[in-house]
Amino acid sequence: MELREFFDIDAVSLDVRGETKDDILKELIALLKLDDKSEGILFKMLKRRENLGSTGIGRGIAIPHCRSLVVNKLRVAFGRRADGVEYNAIDNQPVHNFFLIVAPPLEVSNQYLPVLGKLAQFAKDPEITRRLAELNSPEEFLSLLEEKAK
Amino acid sequence: MHPQLELLLQIQDLKAQRRELSESGGGRALEEQEFNIDLDEAVTQLDARIEELKQELPPQVRSRVERFVETGGRPVVSVINGICYGCFTAVSTSSVADISRNDALNYCENCGRFLYVIPG
């Protein structure tokens, strides 16, 4: 399983502008292009997950995630913000890079947890923070995934 | 979307989250190791929120939900291409009002589960 195959180029933004955690979550959700009601439900679920414990895993990276019936297959998005945002991350540092993962409650292919685990591993690569900061286009992001998360 | 359907979706999504945190499979370990989550506290919080949301449902809807919970089933299922994903039979369009907009609270005539059509 390669992470690259789950990312649609339209769901990658290197210029998210939200100034708060909530704003960022809404921008990430918008990248999935759902209807308004589904976006609202998804936002509530992601907030609920964040209330259980921040998904900011350190090194400037957060992986907000949840399961929801509003999607019928695994959906992922990536957002980058040049200036970090306060996210209550594990290392108390601002977060610049956001990977959103949403899956239906039941998946035939059972991809949610493997993708979540693989992204968590990807985030631990010592080069990743710098490489993500240097990206100039969504295409370069996809290439980085191909290179680092085979 | 019908407000009670929205509540039902939230309840079911929270239950999915709870299941992930309480079962001994990969989700529990991942949340604990990578995200440092306090699992017991998280499950307690989720249970409380699920109960709060259930209390917002009218008694007849709540009792239908409880019926499925008792048997370990999902009270809300998606409809994809006209098929109920609870019992995998075709949903009768004649008996289901405005199903595609999720504006009414509909249930499958075969299995009794509430139906949700994923937009798009």
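One structure accompanies this document, and this report is about it.

About the thresholds
Residues numbered from 1 in each chain as written. Chains lettered and ligands numbered in written order. Predicted model: local features only at pLDDT ≥ 70, side-chain atom pairs only at ≥ 80, totals over all residues. Heavy atoms only, no water. Pairing = 2+ DSSP bridges. Helix = DSSP H or I, 4+ residues; strand = E, 2+ residues; numbered from the N terminus. Salt bridge = Lys/Arg side-chain N within 4 Å of Asp/Glu carboxyl O. Buried < 20%, exposed > 50% of the residue type's maximum accessible area, 1.4 Å probe, protein only. 1 Å grid on protein atoms, 1.4 Å probe; cavity = no way out; pocket = protein on both sides within 12 Å on 5 of 7 lines; lining within 4 Å. Points joined across faces, edges and corners; volume = space filled by probe spheres on them. Nonpolar A, V, L, I, M, F, W, Y, C, P; charged D, E, K, R; others polar. Phe/Tyr/Trp six-rings, centres within 6.5 Å; stacked < 30°, edge-to-face > 60°. Polar contact = N/O pair within 3.5 Å; in protein donor to acceptor, adjacent residues only side chain to side chain. Contact = heavy atoms within 4.5 Å.

As a further point, take the sheet that holds strand β1 (residues 76-80) of chain B. Residue and element names in this part refer to chain B. On the basis of which strands lie adjacent, the open sheet formed by 3 strands has the order β2-β1-β3 and mixed pairing. Edge strands, defined here as strands with exactly one partner in the open sheet, are β2 (83-84) and β3 (114-117). One ladder, built from 4 bridges, connects β1 with β3; its direction is parallel. Considered in β3, the bridge of Ser 78 is made with Tyr 116.

All names here are of chain A. Using the criterion set out here, one finds 19 salt bridges over all chains in the structure. Put simply, Glu 134 and Arg 130 hold a salt bridge, and the shortest N to O gap is 3.2 Å. Taking the relative accessible area as the measure of exposure, Arg 130 reaches 41% and is therefore partly exposed. Look at the salt bridges and you will find they share partners, linking Asp 125, Glu 127, Arg 130, Arg 131, Glu 134, Glu 147 and Lys 148 into a network.

Turning our attention to empty space enclosed by the protein. Evaluation of the coordinates by the stated rule reveals 1 cavity of 30 Å³ or more. Computed from the structure, the largest cavity encloses a volume of approximately 70 Å³. Forming the boundary of the largest cavity are Arg 49, His 65, Cys 66, Arg 67, Tyr 112, Leu 113 and Leu 116 of chain A together with Gln 17, Glu 20, Leu 21 and Glu 31 of chain B. Class assignment of the residues belonging to the lining of the largest cavity gives a composition of 5 nonpolar, 2 polar and 4 charged.

Take the packing of aromatic side chains next. In this description, a pair of aromatic rings is defined by centroid distance and the angle of the planes. Considering all chains together, one arrives at 8 aromatic pairs over all chains under this definition. Seen from their ring centres, Tyr 87 of chain A and Phe 98 of chain A are 5.6 Å apart, and the 55° between their planes marks the pair as tilted. Pair noted here: Tyr 87 of chain A is in the loop between β5 (75-85) and β6 (95-103) and Phe 98 of chain A is in strand β6, with a separation of 11 residues, a long-range link. For Phe 98 of chain A, a relative accessible area of 0% puts it in the buried group. For the ring pair Tyr 85 of chain B and Phe 88 of chain B, a centre distance of 5.0 Å and an interplane angle of 55° mean the geometry is tilted. On the basis of relative accessibility, which here comes to 32%, the residue Tyr 85 of chain B falls in the partly exposed class. Note on Phe 88 of chain B: relative accessible area 54%, which makes it exposed.

It is worth spelling out the environment of Leu 46 of chain B at this point. Residue placement: Leu 46 of chain B occurs in helix α3 (residues 39-55). Sequence spacing of Leu 46 of chain B and Leu 14 of chain B is 32 residues, and the spatial spacing of their C-alpha atoms is 6.6 Å.

On to the side chain of Glu 50 of chain A, then. Residues and elements named next belong to chain A. Looking at the element boundaries, Glu 50 is found in helix α2 (residues 36-52). Looking at Glu 50, its side chain comes within polar contact range of the side chain of Lys 21, at 3.0 Å. Residues in contact with Glu 50, not counting those within four places in the same chain, are Lys 21, Leu 25, Thr 55, Pro 64 and Tyr 87.

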